[in-house]
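# Working through the structure, step by step
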Amino acid sequence: MKFIKSLIFIGISALSFLGNAKTNNQIQVRSELASPIILENSEEKNYLKVSLTGIEFDSSKRVPINLALVIDRSGSMSGDRIEKAREAAILAVNMLNNEDMLSIVAYDSDAKVILPSSKVTNKQKIIRLINKHIVAGGGTALFAGLSKGINQVEKQLTKDKVNRIILLSDGQANIGPSSVGELSELAIIAAKKNIAITTLGIGSDYNEQLMSSIASYSDGNHVFIDDTAKLENVFVREFKDVMSAVAQDVIITIHLKEGVKPVRLLGRDGVIKDNQVTVKMNQLYSNQEKYLLLEVIPEKGKVGQNKTLAKIDLQYNNLLENKTENETQVVKIAYTDNQDVVNKAIVHEVVAESEIQKVALENEKALKLYNEGKLEKARQLLQENSKKLRDRAEMLSEREPEVSSRLKEQMDKNNIMADAILTDDENTYRKKVTEKQYESKQNMKSVIKK
């Protein structure tokens with residue numbers, strides 16, 4: 001009888017636990033637990049996923065862009081690299097319109113603003129400036145270049161524009177502040193002003209930790225460009241993102257009910273203070289999902305109970321309507337004494353994303369082993385992580401094909417990293433791994449429209 005009551009309760013209530021989803025103007029918000037129904041008195045870890053998906057919109061109605069190009073023109077950029085940098089900058093100019101704001105900063109032993117922030121009304125004049133001033137020679141004053149780029153974007157900072165910096169470099173910062181900590185502080189300052197920084201590293205001599213940290217702290221993208229011929233394609237992909245922005249200054253606050261223990265955020269950085277978790281996302285794009293994963297330990301419960309696990313508050317700037325939007329969702333959890341009921345309620349997509357993020361953390365250990373010269377151990381760990389992803393993908397291949405495909409995609413990335421240990425030189429390998437790790441940990445997916 002106890003089991004029957006439990007089953008009836010679960011059958012009636014299950015829909016309220018399997019995830020809240022709501023489209024709030026430009027964003028579809030969904031909050032769900034990996035295990036929305038758990039065993040009574042269980043203290044097993046669970047995973048709360050809060051995902052935001054930018055809805056499709058008419059691209060002709062996009063909001064203006066406030067962009068700074070910050071371009072390395074040090075001596076190491078001479079030849080094909082500086083030529084491709086000029087071509088990419090000119091491509092950027094031609095992709096903008098007269099409502100967009102553009103500034104260009106070039107840096108070598110010093111940093112110079114070659115185009116102060118202004119509307120893109122005279123493209124030929126801007127192109128002439130690029131051809132004249134983007135010429136290689138000197139050191140790498142990256143800090144000064146990025147500082148001036150932030151300053152230029154800040155001059156045109158408004159809530160109705162997409163604020164972006166594209167930072168390009170092929171070498172080590174060797175003039176002025178140059179540590180990861182010092183450059184990351186600049187990125188944090190930019191993020192507070194809702195400016196995202198995308199970092200493009202060319203070749204195998206730049207500092208991948210520094211460049212990926214700048215991107216991470218400002219919620220931008222990070223790309224390793226091993227072949228300068230790919231630079232224009234990278235710019236095109238970046239502009240597709242920027243031109244499809246639907247929201248900015250996104251703040252998610254999770255209020256966990258007393259008795260629920262936050263363990264850690266997976267992938268994204270945030271602030272955990274007591275039972276409140278706050279995560280900021282700088283920008284969100286059309287047809288793209290960004291999400292956070294929070295590992296939690298739910299409070300104990302009895303058969304038939306359902307409890308509020310968390311209240312989620314969302315706030316963001318709706319770029320297309322230039323106004324602040326707010327939404328609140330409640331996530332609940334139910335208790336049963338039947339393992340089959342628990343198993344049937346599992347949200348495999350959330351479990352898969354948690355596996356991907358845990359593997360990303362394990363991959364960092366592999367990189368550490370690699371840096372210590374323990375190449376075979378690093379390779380073995382990467383292969384073990386690939387096997388974890390493969391096993392779960394095979395288990396879900398029939399009933400959850402899309403989830404299985406997502407896991408296989410990550411497995412392929414892991415295999416590439418494992419195989420590259422045998423083929424790539426040390427500098428190239430670190431950059432490949434850093435880029436793939438960055439992609440995995442960004443908690444970001446394209447949404448395929450059927």
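Described below are features of the structure shown in this document.

The rules behind these values
Residues numbered from 1 in each chain as written. Predicted model: local features only at pLDDT ≥ 70, side-chain atom pairs only at ≥ 80, totals over all residues. Heavy atoms only, no water. Salt bridge = Lys/Arg side-chain N within 4 Å of Asp/Glu carboxyl O. Helix = DSSP H or I, 4+ residues; strand = E, 2+ residues; numbered from the N terminus. Buried < 20%, exposed > 50% of the residue type's maximum accessible area, 1.4 Å probe, protein only. Pairing = 2+ DSSP bridges. Axes fitted to C-alpha atoms, helices over the stretch in contact; angles between N-to-C directions. Parallel < 35°, antiparallel > 145°, perpendicular 65-115°, else oblique. Left-handed = near helix turned anticlockwise from the far one by under 90°. Contact = heavy atoms within 4.5 Å. Nonpolar A, V, L, I, M, F, W, Y, C, P; charged D, E, K, R; others polar. Right-handed = clockwise from strand over helix to strand, strands pointing away.

### Notes on the pattern of salt bridges
In this structure the tally under the stated criterion is 31 salt bridges. In this structure, the salt-bridge partner of Arg81 is Asp170, at a minimum N-O distance of 2.8 Å. Linking Arg81 in helix α2 (residues 80–95) with Asp170 in the loop between β8 (162–169) and α5 (180–192), this pair joins segments that are 89 residues apart in sequence. By relative accessible area, Asp170 is classed as buried at 1%. One salt-bridge network, in which partners are shared between bridges, spans Lys45, Arg264 and Glu295.

### Thoughts on the sheet that holds strand β13 (residues 271–273)
A sheet is described by the order of its strands in space; here 6 strands give the open sequence β3-β17-β16-β11-β14-β13, paired in mixed fashion. With partners counted over all chains shown, the strands left at the sheet margins are β3 (37–39) and β13, one partner each. Pairwise comparison of adjacent strand axes, ignoring direction, gives a mean angle of 20 degrees for this sheet. Relative to strand β14 (residues 276–285), β13 runs antiparallel, the two sharing 3 bridges. By the bridge assignment for β14, Val271 is matched with Thr278.

### So, the packing of α5 against helix α6 (residues 208–218)
Across the interface, α5 lies against α6 with an axial gap of 8 Å and an inter-helix angle of 20 degrees. Here α5 is positioned roughly parallel relative to α6, judged by the angle of their axes. With respect to the hand of their crossing, α5 and α6 are arranged in right-handed fashion. In this structure, α5 contributes Val180, Leu183, Ser184, Ala187, Ile188 and Ala191 to the contact, and α6 contributes Gln209, Leu210, Ser213, Ile214, Tyr217 and Ser218. Residues of the contact of α5 with α6, tallied by class, amount to 8 nonpolar, 4 polar and no charged.

### Some thoughts on the sheet that holds β8
Taken in spatial order, the 6 strands of this open sheet run β7-β6-β5-β8-β9-β10, and their pairing is mixed. Lying at the two open borders of the sheet, with one neighbouring strand each, are β7 (111–119) and β10 (222–225). Taking the axes of each pair of neighbouring strands and ignoring which way they run, one obtains an average angle of 10 degrees across the sheet. Note that strand β5 (residues 65–72) and β8 share 7 bridges and pair parallel. In the strand pairing of β8, Ile71 is matched with Leu168. On top of the sheet, helix α4 (residues 142–155) reaches β5, β6 (101–107), β7, β8 and β9 (196–202); it is set at about 15 degrees to β7, its chief contact.

### Here we look at the pairing of strand β4 (residues 46–54)
Counted residue by residue, β4 has 9 buried out of 9 residues, so it is predominantly covered. Here 7 bridges tie strand β2 (residues 27–33) to β4, and the two strands are oriented antiparallel to one another. Among the inter-strand pairings, Leu33 is bridged to a residue of β4, identified as Leu48. Here β4 runs beside strand β15 (residues 288–297); their pairing, made up of 8 bridges, is antiparallel.

### With respect to the side chain of Gln283
Take Gln283: it is sitting in strand β14. Each residue touching Gln283, except ones within four places of it in the same chain, is listed here: Val162, Asn163, Arg164, Asn194, Ala196, Asp219, Ala247, Gln248 and Lys290.

### Notes on the packing of helix α11 (residues 401–423) against helix α12 (residues 426–441)
The geometry of α11 relative to α12 is characterised by a closest axis approach of 10 Å and an angle of 165 degrees between their N-to-C directions. One element, α11, and the other, α12, form an angle in the roughly antiparallel class. The way α11 lies across α12 gives a crossing that is left-handed. Residue-level inspection shows Gln410, Lys413, Ile416, Met417, Ala420 and Ile421 of α11 in contact with α12, the latter providing Tyr429, Val433, Lys436, Glu439 and Ser440. Each residue belonging to the contact of α11 with α12 can be placed in one class, and the counts come to 6 nonpolar, 2 polar and 3 charged.

### Section: the pairing of β6
Extensive coverage of β6 is indicated by the burial of 7 of its 7 residues. Alternating residues of β6 divide into Met101, Ser103, Val105 and Tyr107 and Leu102, Ile104 and Ala106, and every residue in both groups is buried. Two elements, β5 and β6, share 7 bridges in a ladder whose sense is parallel. Counterpart to Asn66 in the pairing with β6 is Met101. For the crossover from β5 across α2 to β6, the handedness is right-handed. Here β6 runs beside β7; their pairing, made up of 6 bridges, is antiparallel. Pairing of Ala106 across the sheet is with Lys112, part of β7. Connecting β6 to the antiparallel partner β7 that follows it, the hairpin turn spans 3 residues.

By themselves, these figures tell us nothing about what the structure is for.
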